[in-house]
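Reading the structure
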There are 2 protein chains.
Amino acid sequence: MKSEFFEQTRQYKDRVLKQIGLYLEINHTAALYEPVRYALQAGGKLLRPILAQVTCEAVGGKSQDVLDAAAALELVHVFSLVHDDIMDNDDMRRGRTTVHKKWDINAAILAGDAILIKAYEAVGRVNPIYLTRVLNNFSGAILQVCEGQALDIEFEKRDDVTLDDYFSMIDRKTARLFSLACELGAILGGGSEEQIAAMCTYGMKLGRAFQVQDDLLDVLADQETLGKDVGSDIQEDKKTFLMLYTRQHANDEQLQQLKSFAGREHLAREDMQQVIAILDRIGTIAAARQEVKNALEEARVSLALLAESNSRELLSKLLDMLEQRTF
Amino acid sequence: MKSEFFEQTRQYKDRVLKQIGLYLEINHTAALYEPVRYALQAGGKLLRPILAQVTCEAVGGKSQDVLDAAAALELVHVFSLVHDDIMDNDDMRRGRTTVHKKWDINAAILAGDAILIKAYEAVGRVNPIYLTRVLNNFSGAILQVCEGQALDIEFEKRDDVTLDDYFSMIDRKTARLFSLACELGAILGGGSEEQIAAMCTYGMKLGRAFQVQDDLLDVLADQETLGKDVGSDIQEDKKTFLMLYTRQHANDEQLQQLKSFAGREHLAREDMQQVIAILDRIGTIAAARQEVKNALEEARVSLALLAESNSRELLSKLLDMLEQRTF
């Protein structure tokens, strides 16, 4: 199921990568553009620019109409990764050394800045008729991404974070960029106001499902499929959906048991099985699954405003895929 | 002379500060916006937004037409200061603790990002007729600021930096933002293409004069007027105009003498007098003064395309003021 969606959107991905390549062709300041190129060559699923193109077509537009905006979305996503990796002091990203580890913090700050500005350069290429709206939505959304990141950092130091706080954080840090992608696709595809609003909702709900899935997979996935350490959220005592739900619903004994796993250097397969067993008993796993299911259902409802088309089918397939996501 | 220009542009400054204040009224993520507000309250001369308004009026527009763009220019200037201070590991800025020292590097990265995005939000408010052009010029110029900063950092590690390299660096890091200010003023004021090009040149030359003056003042100013340590460029062995000119024109003995001052913790008044005497003998001081004079003269020539007006008078006064600048 996973591969079907990505196979059928392969051309969308290639088109965006080519477009981003064009933006970077001419320039001479190697000290700035080497780290920029490196960051942009990291690969990834390019889900946001794919979404922008599919939603554009789903409201009757041509994917070409949204190509620059789609490229801007990927650029802004990479900008946030480069700066977040500095803040989180992460050494690896998508199987490669992070920019600030390969060069240094200064190079990574500047590379992130330049990628953000490149994103705005791409926004500057959209149809002038839509430019004011696109630019304002774009800036508003990226500000929310920054707010989400600030909250995420703040949460690490706080002990009173609630599930509401959590959703307020991931809606900004993760979901808003998915929602922006779908919104811009619908705007630049010439969709109606109702369709634009519906696509915006589709993206928000999809993003929320995506993030709670992410939290779930950190516990449930097997090492190789995930591509990073399983249980890292638990080791780092992160404020994920699972952790916050557990805090609210576990008894003292269960909390004590779980606490013994936090802060460890390594969690073995048997440790993880114990953790999963405890979370299962509390009802955390079921609650997270339900949360994902609800969000995907809400996303599915917003597709009803679209006429039947291959693109709408793709948006629906993406929801199916997320429901069964293991990557 | 200094106070006359700033007295007569006082209203322009106040208007921009008020405008920036409006942008920051509504928001709830204290972790992000406290450092943002702090950075924006640092004061400063607001020369760039003042220039945008004066050039706008000088081509026949109303300063109101350029107000959002003017605010964007100040925001982007502060963004670059916040990130540069991290990179240069500076503790103080305009007599206050820098953002990354008052909070931490993460807060300063995020605050800088948010201020840059706020700048683009402000750009999004300009007259839609001009938006594509303004946005593209804005992004292109800010990218150059990043390139200039990358070069500046690179130069620290290089021993073969020439005066040409130096001008290529300061034209991007410093002059382009002045030039953007004048360019946007002329565009949004409805100036002709010739006037826009002339204002662009005025800003570039002004910016170049401003930077070489800066290099000069680091040696010639007295401590109190400058508001920071005199001779800090020499202590840090920075690639300034003075230093690069000196390298090309000094004999071995003079170079040896100057070298003994680099890397010192503190340069006393007598040390500085010795340095100045050596630079005088080499011809460095005279060459820097000539460079400033030439740039200001070129800037003055570009004013010829403007009809006589109070605003053109102000642009001319600014050149006079820079020629005698001691701050």
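Residues numbered from 1 in each chain as written. Chains lettered and ligands numbered in written order. Predicted model: local features only at pLDDT ≥ 70, side-chain atom pairs only at ≥ 80, totals over all residues. Heavy atoms only, no water.

1. As for the relation of the copies chain B and chain A
Aligned on chain A, chain B shows an RMSD of 0.0 Å; the corresponding rotation is 180° and the shift along the axis is 0.0 Å. Read as a symmetry element, the transformation amounts to a two-fold axis. (Least-squares fit on C-alpha atoms with pLDDT ≥ 70 in both.)

2. Structural notes on the state of the cysteines
Overall, the coordinates contain zero disulfides over all chains when judged by the stated rule. Cys200 of chain B takes part in no disulfide bond, and the closest cysteine sulfur, belonging to Cys182 of chain B, lies 8.2 Å away. (Disulfide = S-S within 2.5 Å.)

3. Observations concerning the interface of chain B and chain A
Taken together, the contact between chain B and chain A spans 37 residues of the former and 37 residues of the latter. Three residues, Leu110, Ile117 and Leu143 of chain B, lead the burial of chain B against chain A; their summed loss comes to 17% of the area buried on that side. Joining chain B to chain A, the criterion identifies eight residue pairs in polar contact (both at pLDDT 80 or more). Elements supplying a minimum of two residues to the side of chain B that touches chain A: helix 3 (30-40), helix 5 (67-87), helix 7 (105-123) and helix 8 (128-157) of chain B. Counting residues per element, the side of chain B that touches chain A draws most heavily on helix 8 of chain B, at 16 residues. Here the side of chain B that touches chain A is composed, by residue class, of 22 nonpolar, nine polar and six charged. (Contact = heavy atoms within 4.5 Å. Buried area = accessible area lost by both parts, 1.4 Å probe. Polar contact = N/O pair within 3.5 Å; in protein donor to acceptor, adjacent residues only side chain to side chain. Helix = DSSP H or I, 4+ residues; strand = E, 2+ residues; numbered from the N terminus. Nonpolar A, V, L, I, M, F, W, Y, C, P; charged D, E, K, R; others polar.)

4. Considering helix 16 (residues 284-302) of chain A
Along its 19 residues, helix 16 of chain A runs 28 Å from first to last C-alpha, staying within 8% of the 27 Å computed at 1.5 Å per residue. For helix 16 of chain A, the set of buried residues is Thr284, Ile285, Ala287, Ala288, Val292, Ala295, Leu296, Ala299 and Ser302 of chain A. (Expected span 1.5 Å × (residues − 1). Buried < 20%, exposed > 50% of the residue type's maximum accessible area, 1.4 Å probe, protein only.)

5. Considerations on helix 5 (residues 67-87) of chain A
Residues and elements named next belong to chain A. Here helix 5 is 21 residues long and its end C-alpha atoms lie 30 Å apart, about the 30 Å a rise of 1.5 Å per residue gives. Taken across its 21 residues, helix 5 has 21 buried, putting it largely inside the fold. Of the residues flanking the end of helix 5, it is Asn89, one or two places downstream, whose phi is positive at about 55°.

6. Here we look at the pattern of salt bridges
Tallied over the entire structure, the rule returns 42 salt bridges over all chains. Put simply, Lys118 of chain A and Glu121 of chain A hold a salt bridge, and the shortest N to O gap is 3.3 Å. Of this pair, Lys118 of chain A and Glu121 of chain A both sit in helix 7 (residues 105-123), three residues apart, which is roughly one turn of the helix. When its relative accessible area of 7% is taken as the criterion, Lys118 of chain A is described as buried. A salt bridge links Glu323 of chain B to Arg300 of chain B; its shortest N-O distance comes to 3.9 Å. Here Glu323 of chain B is found in helix 17 (residues 310-323), whereas its partner Arg300 of chain B is found in helix 16 (residues 284-302), with 23 residues between them in sequence. Looking at Arg300 of chain B, the relative accessible area reads 25%, which means it is partly exposed. Through salt bridges that share partners, Lys293, Glu297, Arg300, Asp320 and Glu323 of chain A make up one connected network. (Salt bridge = Lys/Arg side-chain N within 4 Å of Asp/Glu carboxyl O.)

7. Observations regarding the packing of helix 8 (residues 128-157) of chain A against helix 3 of chain B
Contact geometry of helix 8 of chain A with helix 3 of chain B gives a least axis separation of 8 Å together with a crossing angle of 110°. It follows from the interaxial angle that helix 8 of chain A and helix 3 of chain B lie roughly perpendicular. Along its contact with helix 8 of chain A, which presents Leu143, Cys146, Glu147, Ala150 and Glu154 of chain A, the element helix 3 of chain B presents Ala31, Leu32 and Tyr33 of chain B. Its residues assigned to classes, the contact of helix 8 of chain A with helix 3 of chain B comprises six nonpolar, no polar and two charged. (Axes fitted to C-alpha atoms, helices over the stretch in contact; angles between N-to-C directions. Parallel < 35°, antiparallel > 145°, perpendicular 65-115°, else oblique.)

8. Overview of the packing of helix 5 of chain B against helix 8 of chain B
Two quantities define a packed helix pair, namely the angle between the axes and the distance from one axis to the other. Residues and elements named next belong to chain B. Across the interface, helix 5 lies against helix 8 with an axial gap of 12 Å and an inter-helix angle of 20°. One element, helix 5, and the other, helix 8, form an angle in the roughly parallel class. Note on packing geometry: the crossing formed by helix 5 with helix 8 is right-handed. Taking contact as the criterion, the partners of Ala72, Leu73, Val76, Phe79, Ser80, Asp84 and Met87 in helix 5 are, on helix 8, Phe138, Ile142, Val145, Gln149 and Ile153. Among the residues forming the contact of helix 5 with helix 8, the class breakdown is nine nonpolar, two polar and one charged. (Left-handed = near helix turned anticlockwise from the far one by under 90°.)

9. Focus: a negative patch on the surface
Together, Asp88, Asp90, Glu156 and Glu236 of chain A make up a negatively charged patch on the protein surface. Assignment of secondary structure puts Glu156 of chain A in helix 8. (Patch = residues over 30% accessible without salt bridge, like charges linked within 9 Å, V, L, I, M, F, W, Y side chains within 5 Å. Areas by Shrake-Rupley, 256 points an atom, 1.4 Å probe, with all protein chains shown as cover. Lys, Arg positive; Asp, Glu negative; His and termini not counted. Charge placed at Lys NZ, Arg CZ, Asp CG, Glu CD.)

10. Here we look at unusual backbone geometry
All names here are of chain B. With phi around 55°, Asn89 is a residue other than glycine that occupies positive phi space. Structurally, Asn89 is set in the loop between helix 5 and strand 1 (92-93). One non-glycine residue with positive phi stands out, namely Asp237, at about 55°.

11. Section: the environment of Arg158 of chain B
Residue and element names in this part refer to chain B. Turning to its location among the elements, Arg158 is positioned in the loop between helix 8 and helix 9 (163-188). For Arg158, a relative accessible area of 23% translates into the label partly exposed. Separated by 81 residues in the primary sequence, Arg158 and Lys239 place their C-alpha atoms 9.4 Å from one another. The contacts of Arg158, once residues within four sequence positions are left out, are Asp165 and Lys239.

12. A word on the packing of aromatic side chains
Across all of its chains, the model carries 17 aromatic pairs over all chains by this definition. When the ring of Phe5 of chain B is compared with that of Phe6 of chain B, the centres are 5.2 Å apart and the planes differ by 80°; the resulting orientation is edge-to-face. Residue Phe5 of chain B is classed as buried on the basis of its relative accessible area of 2%. The class of Phe6 of chain B is buried, set by a relative accessible area of 17%. Here the aromatic residues Tyr120 and Phe138 of chain A together with Tyr120 and Phe138 of chain B are joined through ring pairs into a cluster of three or more. (Phe/Tyr/Trp six-rings, centres within 6.5 Å; stacked < 30°, edge-to-face > 60°.)

13. Observations regarding the confidence of the model for chain A
Across chain A, the average pLDDT comes to 93, with 97% of residues at 70 or higher. ipTM for the predicted complex: 0.95, alongside a pTM of 0.95. (pLDDT = per-residue confidence, 0-100.)

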